[in-house]
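Structure assessment
Chain by chain, the residues:
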Amino acid sequence: LDGGIVIGAGTNVTIPPMFVYTLPVDLLHFSGHEYNGKGLLSWATAIEVNNDRFELYHSMDAIKWNMINKQYGKGNSNTTNEYIATHKLSNGVNYYQLKQIDYDGQSELFDIISITYSVENDVKEVFYNILGQPVDKNYKGFKISNLEKK
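Residues numbered from 1 in each chain as written. Predicted model: local features only at pLDDT ≥ 70, side-chain atom pairs only at ≥ 80, totals over all residues. Heavy atoms only, no water.

All right, on to the pattern of salt bridges then. Per the counting criterion, the structure on display carries 3 salt bridges. Ionic pairing is found between Asp52 and Arg53, a salt bridge with its closest N-O pair at 2.6 Å. Taking the relative accessible area as the measure of exposure, Asp52 reaches 17% and is therefore buried. The partner of Lys64 in a salt bridge is Asp61, and the shortest N-O contact between them spans 3.9 Å. Taking the relative accessible area as the measure of exposure, Asp61 reaches 33% and is therefore partly exposed. Connected via shared salt-bridge partners are Asp52, Arg53 and Glu55. (Salt bridge = Lys/Arg side-chain N within 4 Å of Asp/Glu carboxyl O. Buried < 20%, exposed > 50% of the residue type's maximum accessible area, 1.4 Å probe, protein only.)

Pasting the structure below:
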């Protein structure tokens, strides 16, 4: 045979147990959306093993990152845990990345998510007549246009 193993009838073979690495966190989701000019970010875990904390990072270019939030984990847990953070959005595409850190300093980065925000979405155009009373944009008389926060 060419390097093969032949096991005869009645031969007992013991196969050592394989090393199984358990991920420190089973992340169910990491998501975000805009709410009143802020990024509402949430994530949930199904399992946590030796989980010290989560760090949430923000970037406007997905290259330079700043930590904006730190939340301590549940240590060891086999139940669903929910986490929430908010962040004031900047105009444009806001990138977020979640980092999980174990008690021993090992860490894991999760996929980057983004929230696009436009300051223009946060204002509305309001029209007033000459007396300062609000009017419809189709008002035929003299009207003053003003941008106001929603």
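From this point on, the discussion continues.
A few words on the pairing of strand E3 (residues 66-77). Bridging between strand E2 (residues 38-59) and E3 involves 8 bridges; their strand directions are antiparallel. Paired with Tyr57 across the bridge in E3 is Met67. Counting the residues that bridge the hairpin from E2 to E3 gives 6 residues, and of these Ala62 lies at a positive phi of roughly 60 degrees. (Pairing = 2+ DSSP bridges. Helix = DSSP H or I, 4+ residues; strand = E, 2+ residues; numbered from the N terminus.)

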